[in-house]
Each structure stands twice: as C-alpha cells, then as structure tokens.
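For reference, the chains in residue letters:
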Amino acid sequence: MQRKTFKTSDGAQMSYISAGEGKPLVMLHGWSQSAEQFKYQIPAFAEHYRVIAVDLRGHGESEKVSFGYRISRLSKDLQELIGALQLEKPHLLGHSMGCAIIWSYLDLFGLDEIDRLVLVDQSPLGTLRSHWNAQEIAASGAIFTAEQLNAAVHALESSEAEEFTRNLLASMVTPAMSKEQFEWIVECNQRLPRAIAATLLYNHLHTDWRDQIVRIRNPTLILGGRKSMIPWRSQVWINQSIPDSELEIFEAAEGGGHFMFIENPDKFNRRVLQFLSRWRSLS
C-alpha cells in the first residue's frame, strides 16, 4: 500500500494510501481514526478498484495543523483531493464521521460527480434534543445529550483524555475483539491530538444531516451493527429515506459493533463488493 501526499488550498499536508487500478473508490475514516484502520479492506478492494484511503487533516500521518477541524472543511478537503487526483465519478465509502463528510459534500458541492455511496454506521444527528419523543430519538440515532457532549469535550481537553478515549472506544466494539486489536485501535485513535479531537467532536455531533440524507439519489449501501453505539434503528431510517438503497445490519455474533469492518472483514468486504459490482453490471 503506497503512501502519497497532497496539499489542500489552505496549506494542510495530507497523507493518503493508494492501491489498485480502475474505477476510483475513496474511503473516509471516522472521528479520530485513520486510513490504516481499513487495512483489511484496501487489499481486497484494490483487486477491483483504484482505492484511495485518506488520513483526514490532523489524523493518522497527515499534518497536525491547528485549523480547519470542521465537517465543512473536511468535505472541502475531499473535494480538493478528488480534483487533485482527477478522480472521475468516484465511489465514496464513509465510516462514522466519514458519512457526515459525505453528507456535507452533498450540501456544498452536490453528488452529481459522485457514483455509489457506502455509508457505515453513522447517526443523522449525534446530539439529541430534549423535547423529542422516543420515535424521533430512535430515528436520529442521537448518542449524547448536550450536557454529555460538553463533558466529553472537557474530558478530551484535560488529563483524563486517554482514559476517556479508551472508555469511548470500548463502547464501540464487541466483547469478542482481542486485546491486541483493541490496543491497536486506541493507538490509531490517539494520533489525532486530543484537544483537536475535542474541537472536531463538538462540531461533528451538533450537526443535523437529515435534510441532506433525504436528497440522496445515488445508489447507496447502508451498513450498521446491532450492538453498535450507533442505534441500528437510525440506519433503518436512512435506508427508508434514500430511494432504492440497501441495508445490512451486522448481528452481535457477526462482530456487529461500530468497527464491524475490523471485527468481521470477510462479510464486510463481501457485502461492499457485492453492492458495487451489482450496480456496475446494471450501469
């Protein structure tokens, strides 16, 4: 897997993994994660596609700049990456916050120049509103109250940052994950400085993407986990909101946590490739 770099219009040096040839597939990791966490997907997908797995600004091996940690800027970075590499009608795969970047891209640039979408385990809105009923909460997939999010940001900005990070990540995996695999996820996560992680988390979880999700008309695959911290019913709402989209919920015994692509890469890879190849044959 070859590492390359490009520089954004505001001067941030970003690293990405490039592998394979053919139709481009751009992979976007989640909050405080890295392209390396797609290590089980990149070789498999590169047999069929030109895979570009990017470290978002400040994440992984990308430059730790002090600015631009907003979903809108990350979607601009994506637009500039697509332009710099001259990617024609790429597929986009987003995990967690990577989905929010796709939704922001739709908001700012539209999806006419994007082909298929794979949306992996992200709530339409991360922070619930106190006046909502149970049905509205389930559909939104909200995982924090405003007070809990403020507490999380404070913890990430304090001496408790590593402990908070570990506890948060522990809620994202199933008990079947090995200690070695979990420690690797923690290590990848902490490559993003914790104060920056706090800034980005606050912006990420306060944005409501429901008005953009219902506008999607691209062929879309939605993947969720029955035991993920992201409520699986919110993935059903996304599926119902996007015409002709497909939904797959990984059960608990299938590694159905937030990182199902790490816990059950065989099923994950097979399902994504099945979706992309089926649409390719119809186009």
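Here, every reference points to the structure presented above.
In what follows, the accompanying structure is described. (Residues numbered from 1 in each chain as written. Predicted model: local features only at pLDDT ≥ 70, side-chain atom pairs only at ≥ 80, totals over all residues. Heavy atoms only, no water.)

### Digging into the overall build of the protein
Here's step 1: Each helix and strand in the protein was counted, giving 12 helices and eight strands.
Here's step 2: For 283 residues, the compact-globule formula gives about 19 Å, and the C-alpha radius of gyration of the protein, at 17 Å, lands near that figure.
Here's step 3: The principal-axis extent of the C-alpha atoms belonging to the protein is close to 45 × 40 × 40 Å.
Here's step 4: A burial count over the protein gives 58% of its 283 residues as buried.
Here's step 5: A sequence separation of at least 24 residues applies to 73% of the contacts in the protein between residues at least 6 apart.
Here's step 6: Surface accessibility of the protein: about 11600 Å² in total, with carbon and sulfur atoms responsible for 48%.
Here's step 7: Charge centroids of the protein, computed over 29 positive and 33 negative side chains, lie 3 Å from each other. (Helix = DSSP H or I, 4+ residues; strand = E, 2+ residues; numbered from the N terminus. Rg over C-alpha atoms; globule rule 2.2 N^0.38 Å. Buried < 20%, exposed > 50% of the residue type's maximum accessible area, 1.4 Å probe, protein only. Contact = heavy atoms within 4.5 Å. Areas by Shrake-Rupley, 256 points an atom, 1.4 Å probe, with all protein chains shown as cover. Lys, Arg positive; Asp, Glu negative; His and termini not counted. Charge placed at Lys NZ, Arg CZ, Asp CG, Glu CD.)

### Some points on the packing of helix α5 (residues 146-156) against helix α8 (residues 194-205)
Here's step 1: α8 packs onto α5 with a crossing angle of 165 degrees between their chain directions and a minimal axis gap of 8 Å. Classified by the angle between their axes, α5 and α8 sit roughly antiparallel to one another. Of the two possible hands of crossing, α5 and α8 adopt the one that is left-handed. Facing Leu149, Asn150, Ala152, Val153 and Leu156 of α5, the residues of α8 in contact are Arg194, Ala195, Ala197, Ala198, Leu201, Tyr202 and Leu205. (Axes fitted to C-alpha atoms, helices over the stretch in contact; angles between N-to-C directions. Parallel < 35°, antiparallel > 145°, perpendicular 65-115°, else oblique. Left-handed = near helix turned anticlockwise from the far one by under 90°.)

### Focus on unusual backbone geometry
Residues other than glycine predominantly adopt negative phi, and peptide bonds predominantly adopt the trans conformation.
Here's step 1: We note that aspartate 121 has phi near 60 degrees; this positive angle belongs to a residue other than glycine.
Here's step 2: Tracing the backbone through its elements, the reader meets aspartate 121 in the loop between β6 (117-120) and α4 (134-140).
Here's step 3: The phi dihedral of aspartate 244 falls on the positive side, at around 60 degrees, and the residue is not glycine.
Here's step 4: Tracing the chain through its elements places aspartate 244 in the loop between α10 (232-241) and β8 (246-250).
Here's step 5: Aspartate 244 sits in the exposed class, given a relative accessible area of 65%.

### Quick word on the pairing of strand β3 (residues 24-28)
Here's step 1: Among the five residues of β3, five are classified as buried, and the element is accordingly described as predominantly covered.
Here's step 2: What you see with β3 is no split at all: Pro24, Val26 and Leu28 on one side and Leu25 and Met27 on the other are buried throughout.
Here's step 3: In the sheet, β3 pairs with strand β4 (residues 50-54) via five bridges, with the strands oriented parallel. Within β4, the residue paired with methionine 27 across the bridge is alanine 53.
Here's step 4: Summarising the sheet, β3 and strand β5 (residues 91-95) pair through four bridges and their orientation is parallel. Paired with valine 26 across the strands is leucine 92, a residue of β5. (Pairing = 2+ DSSP bridges.)

### Looking at the pattern of salt bridges
Here's step 1: In the structure shown here, the tally under the stated rule is 21 salt bridges.
Here's step 2: Two residues, aspartate 77 and arginine 57, come together in a salt bridge whose shortest N-O distance is 2.8 Å. Placement of aspartate 77 in helix α2 (residues 71-84) and of arginine 57 in the loop between β4 and α2 is noted, with a sequence separation of 20 residues between them. As far as the burial class goes, aspartate 77 and arginine 57 line up, both buried.
Here's step 3: The salt bridge involving glutamate 183 is made with arginine 166; its shortest N-O contact spans 2.8 Å. With glutamate 183 in helix α7 (residues 179-189) and arginine 166 in helix α6 (residues 161-170), this residue pair connects regions lying 17 residues apart in the sequence.
Here's step 4: By relative accessible area, arginine 166 is classed as partly exposed at 26%.
Here's step 5: Residues joined by salt bridges that share partners form a network here, namely Asp10, Arg57, Arg73, Lys76, Asp77 and Glu80. (Salt bridge = Lys/Arg side-chain N within 4 Å of Asp/Glu carboxyl O.)

### Here we look at α2
An α-helical segment advances 3.6 residues per turn. Residues three or four places apart therefore align on the same side.
Here's step 1: The end-to-end C-alpha distance of α2, which contains 14 residues, comes to 20 Å, matching closely the 20 Å that a straight helix rising 1.5 Å per residue would cover.
Here's step 2: Within the span of α2, buried status applies to Ile71, Arg73, Leu74, Ser75, Asp77, Leu78, Glu80, Leu81 and Ile82.
Here's step 3: Phi for glutamine 86, located one or two positions after α2, is positive at around 55 degrees. (Expected span 1.5 Å × (residues − 1).)

### Some details on α10
Here's step 1: Turning to α10, its buried residues are Ser234, Gln235, Ile238 and Ser241. Mapping the buried residues of α10 onto a view down its axis gives an arc of 120 degrees, with all of them on the same face. Along α10, the residues that are exposed and aim more than 90 degrees away from the buried face are Arg233 and Gln240. (Arc of directions from axis to C-beta.)

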